[in-house]
Amino acid sequence: MTSAQRAAPWPAIIAAFVFAGMLAAVAAIDNQRLVIALLCVFAVVWMAAMRLGVLARVERSAGQYPHALRGAILLAALAAVALLHEDNFGLLMIATVLLYATCCIGLTIQLGYAGLSNFGAAGFVGTGAYAAAVFNWLPWLPDPLVLVGAGLITVIVGSLLLLPVLRTRGHYAALTTLAFGIMFGVFVDATPVLGGPQGLKLAGITLLGWDFSNDIRVANFVISFYANYVLLALAIFALAIFIASRLDRSWLGIWLDSVRLDETASAVFGVNIGWWKILAFTAGNFLAGLAGATYAQMMGFIAPNNFTLADSLMLVSAVILGGIGNRWGALPATAILVLLPEKLQFIQEYRLLLFAIVVVVILMASPAGLVPRRIRRLEPGVVA
Amino acid sequence: MNNNVLDCRGLTVRFGGVLALNALDLEVGRGEILGLIGPNGSGKTTLFNVVSGVYRSDGGSIQFDGEAVTRLSPQALCRRGLARTFQRSRLCLSLSVFDNVVLGAYRRINSGVVHNMFRRRAFADELKLYVEKCGELLAIFNPQLTTRLFDPAISLGMIDRRRVEICRALIGQPKLLLLDEPSAGMTQDETSQLMRELIAVRRQLGSLTIVIIEHEMGVIEQVTDRCVVLNYGRKICEGRFAEVATDPVVREAYLGRAYTKSPVGPA
């Protein structure tokens, strides 16, 4: 590694705080004009960061100082929580962004690494959410088990789809998963035990004896109970990033990439294509189920219309917007896709139109997404 | 038991009504470089695809290294020590040179999920080893390639991509290497350069058995011990290049009556 490639830790630290600040500001501000102005500032800053190579510098420093990055993200998140301390809705939005981003990382493993199209992501998120709701019928079951169990149930339900997913490619695989997403909605809607169209209620989370429906009090400073969920969502997001980054930055990442890019060449060099696809599909579905279960317990109520085809498409578009195959892209992309429609309520039915225009404009300006995928960095000590 | 690395008997492949391979017998001796020539559509690449398990044969048998391997999967054949290149480059262009080459070592690495996810130190040691191996192998072809190990493959020129593809096939230390038209898309100078490098590598790796498909007769003359000529899925001639080149049947079917001497001289 040459000294020229050695970066400083501060670009990553500043980026974490700027991003958290932007997110908190957009989540907190109710004044429509201000939101629009802020979004414009955000867009300009991002474009400038990409054009001037700042984004690349941030990524390089983040890669070289993983501990500094982790610390900065945690501090930035805590600062954002403190800033929003009494704003229930704002905190809820931030937790939602983090959970959606978790789900997008699951999709990144499937679509970005192994090349499996999944247009039924909302069905998998919903499976996790409903599994958590059903586990709630057993009040003695501790919540960590509920969340992990819901992830595993999602994996099991997803494995029903393995055969069609392994046997189809491209558009056909997209159709299979799309069909699953739709069937999930229809099934839940028609099953009275699962509440049918009325949906199901869930209890809040209790973790290690701490009830998440309690406000956090630090001396005289009161923080809304939603902060609990923000921190849990952050932990789950961190787990997703950990899984995706270890997968990507090892032999597995190379095998998954070759499976996506050229099945024939991979097979000729001994790669067991089916096995790696199963691994990617399973890992992605687990993250979707885990995010879904947490989301369900946070909201306290779920219904079939929370998990529609539109949600599946939204998740796929978040992956494309973020930059296919770049796990960090999930965060800014879901921030835009979750916050924008919420904040633009005032233009009512036009908001989806505007939302679509924003996505198209971003992709025209940067076809590879907000954070384009770069060449793999396997291990900093061994390889520059 | 004979000492052949590859033994095909009565190999037949049909595409609808077309007999791509018609009861073909082919033997490849240990340590031999066999040239496979013939007009376009004569079944050369089909033979490679059947032998490497990409296509399934419709009849006949294949023995690889003394073991019956007819209709085995490409993965199973790779594990037994078979490697190949492709006529049209099949590198993953968006990945780095290292990623592409190390794919060829899959059968050697083959470490599990837990190992990769949680034993980072062991992984780092393994990685260091393979970075060195890839560097050494690429250096035999082109020393400059070692500095570009982590550049995307798309940034390489045609001849370097071919070198990377051949290194990918070599790094798993195969017993048999199938080279499908390594000169495709390259100039004559580049081709003879690449062949010289290939021979140098082979000298370093011990006497690797190679089957090479080529339309460049200079290459065939330069590197092969023996040639097999295919036409319409059948073997029409076999022998040393000098014998094959003068065979009237081969001249009629492939080389043309006016063929006298190769444009590329021996190395």
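In this text, all values refer to a predicted model and were calculated from it rather than measured experimentally.

This part takes up the packing of helix α6 (residues 120-141) of chain B against helix α7 (residues 158-170) of chain B. Residue and element names in this part refer to chain B. Where α6 contacts α7, the axes come no closer than 10 Å and their chain directions differ by 135 degrees. If you check the angle between α6 and α7, you find them oblique. Here the hand of the crossing between α6 and α7 comes out right-handed. Contacts between α6 and α7 involve Leu 137, Leu 138 and Phe 141 on the former and, on the latter, Arg 163, Val 164, Ile 166, Cys 167 and Leu 170. Considering only residue class, the contact of α6 with α7 consists of seven nonpolar, no polar and one charged.

When you line up the elements, B:Gln75 lands in helix α2 (residues 74-79). Note on B:Gln75: relative accessible area 13%, which makes it buried. Setting aside residues up to four positions removed in sequence, B:Gln75 forms contacts with A:Ala267, A:Gly270, A:Val271, A:Asn272 and A:Ile273.

Further remarks concern the nonpolar core. Ranked by internal contacts, the top residues of the largest apolar core, which has 166 residues, are A:Ile109, A:Trp251, A:Trp255, A:Trp276, A:Ile302 and B:Phe98. In terms of residue count, helix α5 (residues 88-113) of chain A provides more of this core than any other element does, 16 residues in total. Apart from the residues lying within four places of it in its own chain, the contact partners of B:Phe98 are A:Trp251, A:Ile254, A:Leu378, B:Leu127, B:Tyr130, B:Val131, B:Cys134, B:Leu149 and B:Phe150. Of all hydrophobic cores here, the second largest spans 27 residues; its members include B:Leu6, B:Val50, B:Leu77 and B:Leu230.

Listed by partner, the interface residues are 39 residues for chain B and 33 residues for chain A. Carbon and sulfur atoms supply 74% of the area buried between chain B and chain A, which totals about 3,300 Å² over both sides. Together, B:Tyr106, B:Met117 and B:Arg120 form the three largest contributors to the area buried by chain B at its contact with chain A, with a combined 21%. Inspection of the region where chain B meets chain A yields two salt bridges. The residue A:Arg376 makes a salt bridge to B:Asp99 at a minimum N-O spacing of 2.9 Å. Where chain B meets chain A, there are nine residue pairs in polar contact (both at pLDDT 80 or more). Secondary-structure elements contributing two or more residues to the side of chain B that touches chain A are α2, β6 (82-84), α3 (97-103), α4 (106-109), α5 (113-118), α6 and α7 of chain B. For the side of chain B that touches chain A, the leading source of residues is α6(B), giving eight residues. Broken down by class, the residue content of the side of chain B that touches chain A amounts to 23 nonpolar, seven polar and nine charged.

In this section: the sheet that holds β6(B). All names here are of chain B. Pairing is mixed across the open sheet formed by six strands, whose spatial order is β6-β7-β8-β3-β9-β10. One side of each edge strand has no neighbouring strand; the edge strands of this open sheet are β6 and β10 (234-239). The sheet shows a mean angle of 20 degrees between the axes of neighbouring strands, taken without regard to direction. Alignment of strand β7 (residues 176-180) against strand β8 (residues 209-213), held across five bridges, turns out to be parallel. Across the sheet, the residue bridging to Asp 180 is Ile 213, located in β8. Contacting β3 (33-37), β6, β7, β8 and β9 (226-231), helix α1 (residues 44-51) runs over the sheet at an angle of about 145 degrees to β7. Lying over the sheet, helix α11 (residues 248-255) contacts β3, β9 and β10, oriented at roughly 125 degrees with respect to β10.

We now examine empty space enclosed by the protein. Gaps left between atoms are located by rolling a probe of water-molecule size over the structure's atoms. All names here are of chain A. The tally for this structure, following the rule as stated, stands at five cavities of 30 Å³ or more. Here the largest cavity is characterised by a volume of approximately 120 Å³. Contributing to the lining of the largest cavity are Phe 19, Met 22, Leu 23, Val 26, Leu 39, Phe 42, Pro 332, Ala 335, Ile 336, Leu 339 and Leu 340. Counting residues per element, the ones that place at least two in the lining of the largest cavity are α1 (10-28), α2 (32-51) and α15 (330-343). When residues of the lining of the largest cavity are assigned to their parent elements, the largest contribution, five residues, is made by α15. Along the lines of polarity and charge, the residues of the lining of the largest cavity split into eleven nonpolar, no polar and no charged.

Let us look at α6(B). Within an α-helix, residues lying three or four positions from one another point in the same direction, as the helix has 3.6 residues per turn. The first and last C-alpha atoms of α6(B) sit 31 Å apart over 22 residues, in line with the 32 Å expected at 1.5 Å per residue. Inspection of α6(B) places B:Arg120, B:Phe123, B:Ala124, B:Glu126, B:Leu127, B:Tyr130, B:Val131, B:Cys134, B:Gly135, B:Leu137, B:Leu138 and B:Phe141 among the buried residues, and these make up the whole buried set.

Attention shifts here to the layout of surface pockets. Residues and elements named next belong to chain A. Within this model, the second largest pocket holds a volume of roughly 770 Å³. If you go around the second largest pocket, you meet 30 residues; those closest to its centre are Tyr 100, Asp 311, Met 314, Leu 337 and Glu 342. Sorting elements by how many residues they give to the lining of the second largest pocket places α5 first, with seven residues. By residue class, the composition of the lining of the second largest pocket is 21 nonpolar, six polar and three charged.

The rules behind the values
Residues numbered from 1 in each chain as written. Chains lettered and ligands numbered in written order. Predicted model: local features only at pLDDT ≥ 70, side-chain atom pairs only at ≥ 80, totals over all residues. Heavy atoms only, no water. Axes fitted to C-alpha atoms, helices over the stretch in contact; angles between N-to-C directions. Helix = DSSP H or I, 4+ residues; strand = E, 2+ residues; numbered from the N terminus. Parallel < 35°, antiparallel > 145°, perpendicular 65-115°, else oblique. Left-handed = near helix turned anticlockwise from the far one by under 90°. Contact = heavy atoms within 4.5 Å. Nonpolar A, V, L, I, M, F, W, Y, C, P; charged D, E, K, R; others polar. Buried < 20%, exposed > 50% of the residue type's maximum accessible area, 1.4 Å probe, protein only. Core = buried A, V, L, I, M, F, W, Y, C linked by side-chain atoms within 4.5 Å. Buried area = accessible area lost by both parts, 1.4 Å probe. Salt bridge = Lys/Arg side-chain N within 4 Å of Asp/Glu carboxyl O. Polar contact = N/O pair within 3.5 Å; in protein donor to acceptor, adjacent residues only side chain to side chain. Pairing = 2+ DSSP bridges. 1 Å grid on protein atoms, 1.4 Å probe; cavity = no way out; pocket = protein on both sides within 12 Å on 5 of 7 lines; lining within 4 Å. Points joined across faces, edges and corners; volume = space filled by probe spheres on them. Expected span 1.5 Å × (residues − 1).

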